[in-house]
Amino acid sequence: MGGAKRSLGQHFLVSETVVRRILEPCHFMASQARGIVEVGPGRGALTDGLAALGKPLWLVELDDALAADLARRFPGARLSAADARTFDWHQLRRISGLFPWFLAGNLPYNAGTEILRQALASRETLVGIVVMLQREVAEKFCARQGEDGYGPLAAWTEPWWDRRILFNVPPGAFAPPPKILSAVCAFQARSVPRLPSASVWSYWDFLQRVFRHPRKTLASNLGEGEADKRELWAAALGRLGHPPSVRPAQVSPEDYARLYAFEGRS
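Keep in mind it's a predicted model, so treat the numbers as computed, not measured.

A.B. asks: It is not clear to me how the overall build of the chain should be interpreted in this structure. Could you clarify?
C.D. replies: What the chain contains, in helices and strands, is eleven helices and nine strands. Scaling as 2.2 N^0.38, a compact globule of 266 residues should have a C-alpha radius of gyration of about 18 Å, and the chain matches this with 20 Å. Counting only C-alpha atoms, the chain reaches 65 × 40 × 30 Å along its principal axes. Partitioning the intrachain contacts of the chain with sequence separation of at least 6 by distance along the chain shows that 68% fall at a separation of at least 24. Carbon and sulfur atoms form 51% of the exposed surface of the chain, whose accessible area is close to 12200 Å². Mean positive and mean negative side-chain charge positions of the chain (33 and 26 charges, respectively) differ by 1 Å.

A.B. asks: When you look at the sheet that holds strand β7 (residues 161-169) in this model, what are you seeing that I'm missing?
C.D. replies: Two orientations exist for strands paired in a sheet by backbone hydrogen bonds: parallel and antiparallel. Reading across the sheet, the seven strands line up as β4-β3-β2-β5-β6-β9-β7 and stay open at both edges, with mixed pairing between neighbours. The sheet is open, and its two edges are formed by β4 (78-80) and β7, each paired on a single side. In this sheet, adjacent strand axes meet at a mean angle of 15° when their direction is disregarded.

A.B. asks: For this particular structure, what's the right way to read the side chain of T157?
C.D. replies: For T157, the position within the fold is in helix α7 (residues 152-157). Setting aside its immediate chain neighbours within four residues, T157 contacts L120, F141, R163 and F187.

A.B. asks: Just to check I follow, could you spell out the packing of aromatic side chains for this structure?
C.D. replies: Remark: the centre distance and the inter-plane angle together describe each pair of aromatic rings, the angle taken between the planes. Throughout the structure, instances matching the rule amount to 14 aromatic pairs. Grouping aromatic residues by their ring pairs yields a cluster made of W160, Y203, F206, W233, Y260 and F262. When the ring centre of W58 is taken as reference, the NZ or CZ atom of R78 above it lies at 4.9 Å.

A.B. asks: Looking at this structure, how should I read the state of the cysteines?
C.D. replies: Put plainly, two cysteines are in a disulfide when a covalent bond ties their sulfur atoms together. Under the counting rule described, the total for this entry stands at zero disulfides. C185 supplies the cysteine sulfur nearest to C142, a cysteine that is in no disulfide, at a spacing of 4.5 Å.

A.B. asks: What exactly am I supposed to notice about unusual backbone geometry here?
C.D. replies: Most peptide bonds adopt trans geometry, and most residues besides glycine take a negative phi value. The amide bond that connects F99 to the next residue, P100, takes the cis arrangement and shows omega of -5°. Relative to the helices and strands, P100 is located in the loop between α4 (91-96) and β5 (101-106). The linkage connecting A175 with the following residue, P176, adopts the cis geometry, with an omega of -10°.

A.B. asks: Just to check I follow, could you spell out the confidence of the model for the chain for this structure?
C.D. replies: Reading predicted coordinates in detail is not appropriate for stretches of low pLDDT. With 95% of its residues at a pLDDT of at least 70, the chain reaches an overall mean of 93. A low-confidence stretch, residues 1-5 (pLDDT under 50), is modelled with 13 contacts involving residues beyond four sequence positions or located in other chains.

A.B. asks: Explain the nonpolar core here, please?
C.D. replies: Side chains of nonpolar character tend, in soluble globular proteins, to be buried together. With 58 residues, the main nonpolar core has L126, I129, F187, Y203, F206 and Y256 as its most contacted residues. When residues of this core are assigned to their parent elements, the largest contribution, six residues, is made by helix α8 (residues 200-210). Aside from chain neighbours lying at most four places away, what touches Y203 is A155, W156, P159, W160, L195, P253, Y256, A257 and Y260. In this structure, V19, C26, F74 and A104 belong to the second largest nonpolar core, which totals 29 residues.

Reading the values: rules and limits
- Residues numbered from 1 in each chain as written.
- Predicted model: local features only at pLDDT ≥ 70, side-chain atom pairs only at ≥ 80, totals over all residues.
- Heavy atoms only, no water.
- Helix = DSSP H or I, 4+ residues; strand = E, 2+ residues; numbered from the N terminus.
- Rg over C-alpha atoms; globule rule 2.2 N^0.38 Å.
- Contact = heavy atoms within 4.5 Å.
- Areas by Shrake-Rupley, 256 points an atom, 1.4 Å probe, with all protein chains shown as cover.
- Lys, Arg positive; Asp, Glu negative; His and termini not counted.
- Charge placed at Lys NZ, Arg CZ, Asp CG, Glu CD.
- Pairing = 2+ DSSP bridges.
- Axes fitted to C-alpha atoms, helices over the stretch in contact; angles between N-to-C directions.
- Phe/Tyr/Trp six-rings, centres within 6.5 Å; stacked < 30°, edge-to-face > 60°.
- Lys NZ or Arg CZ within 6 Å of the ring centre and 35° of its normal.
- Disulfide = S-S within 2.5 Å.
- pLDDT = per-residue confidence, 0-100.
- Core = buried A, V, L, I, M, F, W, Y, C linked by side-chain atoms within 4.5 Å.
- Buried < 20%, exposed > 50% of the residue type's maximum accessible area, 1.4 Å probe, protein only.

Here is the structure:
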């Protein structure tokens, strides 16, 4: 079957214990979906368990040799030999006629952030997500205000998804073993999102401005060097109970959603 390709960030999951632990939340979350999509199935460590759930299965695998093997082993699954960073998540619904979908996967380390970011932006297609990433990246998506890793990714995810890290995975669970700690995290789509889905990328742009200079005050970042804008944002922060000196990492995701809505009205 060939060895792992460093260029694709491949580390194959070989621990049956970890596989079972990942599949446990998948069983519950997939019960709310009509189809299952797996990103980076690799040698199929998770795929057997996901296929056993008896729902339409869609596999996204960039490695041609692995994709060919998966096609032989899972003839009933739909296969996309594609880069998940540019995968069109809406085609799951458009082509299959099914909605919603559940996403599972052991994401490659060199592309995990962008794959998950694109998937999270597709709440209208995906109802739940369980994926494995390097621990540091998982923290950036799942951190709460005041925790390590809290920044734009966590604040951006919050309005649409309930998010949490489930457990850590040691290097020895993979072949070859990575040099970093991994973590499995889960995202459940909110039944009532805190912002409209159409604003997902404009909200991302807003948070890029917010966290552009983490050591500066939030009012300074949003004021963009203009005194009147800075005063306007300081007043808006004051109405939310924050002093003018507040820094980006000190503001909750809920208040960022309120500030974004304020900018749209101002």
